[in-house]
Amino acid sequence: MEALYHQTNKQVHEVQSYMGRLETSDKQSVHLVENEIQARIDRIFSNLERLEIFCNKEPPSKRQNAKLRVDQLKYDIQHLQSALRNFQHRRYAREQQERQREELLARTFTTNDSDTTIPIDETLQHNESLQNAHRGMDDLIGSGTSILQGLRDQRMTLKGTQKKILDVVNMLGLSNTVMRLTEKRAFQDKYFMFGGMIVTCVLMFLIVQYLT
């Protein structure tokens with residue numbers, strides 16, 4: 001499991017590096033970079049499924065820690081998958097706006113064209129609507145990112161709480177062991193006390209019999 005975990009963790013860092021290339025890629029190569037990132041993400045998800053199976057086979061003392069490590073990798077790759085989809089959405093919207101702008105500039109109009117005003121107004125309104133929708137999607141993506149960050153902070157808090165609970169459980173387990181040992185020692189001391197009393201009584205009886 002350790003070898004597969006480290007391999008998957010390395011792949012996650014590679015995907016993060018590839019994500020940095022998206023913003024600097026030109027129109028001809030950005031599709032290739034996106035496809036490469038998606039292929040790597042798919043391989044990581046496949047590795048995570050295998051890691052979850054390995055977690056269930058771990059000893060109980062190591063299973064919880066192994067599951068937390070796998071969950072962290074799963075969270076990271078899901079965040080990267082979401083970032084890739086957001087980038088693709090922005091790229092599609094930008095390319096559509098560019099196509100519409102080129103179509104608008106390529107149109108020719110004459111002074112006698114009675115249909116000139118209406119198509120221009122409709123095109124401008126449509127372009128403005130697309131820009132508003134684009135801004136709305138950016139706001140939605142920002143809100144989603146904030147929510148994801150909040151969930152991650154909550155997860156770290158729960159992780160710390162879980163560790164404290166495990167420490168308390170371990171401490172209680174040690175206290176129970178000490179109590180059992182104390183009870184066993186008290187039980188043994190009781191037998192020694194009764195035995196000593198019997199021996200003392202026998203000796204006193206023999207001494208009295210000898211003196212009389």
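Keep in mind that what you see is a predicted model, and the values were worked out from it rather than measured. (Residues numbered from 1 in each chain as written. Predicted model: local features only at pLDDT ≥ 70, side-chain atom pairs only at ≥ 80, totals over all residues. Heavy atoms only, no water.)

**Brief notes about the nonpolar core**
Val15, Met19, Leu22, Ile37, Leu48 and Leu51 are the most contacted members of the largest nonpolar core, which has 22 residues in total. When contributions to this core are tallied by element, the ones reaching two or more residues are helix H1 (2–22), helix H2 (30–57) and helix H3 (60–106). The element contributing the most residues to this core is H2, with eight residues. Ignoring anything within four residues of it in the chain, the contact list for methionine 19 reads Ile37, Leu80, Ala83 and Leu84. (Core = buried A, V, L, I, M, F, W, Y, C linked by side-chain atoms within 4.5 Å. Buried < 20%, exposed > 50% of the residue type's maximum accessible area, 1.4 Å probe, protein only. Helix = DSSP H or I, 4+ residues; strand = E, 2+ residues; numbered from the N terminus. Contact = heavy atoms within 4.5 Å.)

**Regarding the pattern of salt bridges**
Per the stated rule, a full pass over the model turns up seven salt bridges. The residue arginine 91 makes a salt bridge to glutamate 34 at a minimum N-O spacing of 2.8 Å. On the criterion of sequence distance, the pair formed by arginine 91 in helix H3 and glutamate 34 in helix H2 is long-range, its members being 57 residues apart. Salt-bridge contacts for arginine 40 lead to glutamate 36; the nearest nitrogen and oxygen are separated by 2.8 Å. Highlighted residues: arginine 40 and glutamate 36, both in helix H2, separated by four residues, approximately one helical turn. The exposure class of arginine 40 is buried, given its relative accessible area of 17%. Look at the salt bridges and you will find they share partners, linking Glu14, Glu36 and Arg40 into a network. (Salt bridge = Lys/Arg side-chain N within 4 Å of Asp/Glu carboxyl O.)

**Details of the packing of H2 against H3**
Between H2 and H3, whose axes approach to 10 Å, the crossing angle comes to 160 degrees. In terms of their interaxial angle, H2 and H3 are classed as roughly antiparallel. Of the two elements, H2 crosses H3, and the hand of that crossing is left-handed. By residue class, the composition of the contact of H2 with H3 is 15 nonpolar, six polar and seven charged. (Axes fitted to C-alpha atoms, helices over the stretch in contact; angles between N-to-C directions. Parallel < 35°, antiparallel > 145°, perpendicular 65-115°, else oblique. Left-handed = near helix turned anticlockwise from the far one by under 90°. Nonpolar A, V, L, I, M, F, W, Y, C, P; charged D, E, K, R; others polar.)

**Describing the packing of aromatic side chains**
On inspection of all chains with the given rule, the structure shows zero aromatic pairs. Just above the ring of tyrosine 18 sits the side chain of arginine 21; from NZ or CZ to the centre is 4.2 Å. Taking the ring centre of tyrosine 5 as reference, the NZ or CZ of arginine 69 above it sits at 4.0 Å. (Phe/Tyr/Trp six-rings, centres within 6.5 Å; stacked < 30°, edge-to-face > 60°. Lys NZ or Arg CZ within 6 Å of the ring centre and 35° of its normal.)

**Some thoughts on the environment of glutamate 95**
Secondary-structure assignment places glutamate 95 in helix H3. Considered as a pair, glutamate 95 and lysine 27 are 68 residues apart in the sequence and their alpha carbons are 9.7 Å apart.

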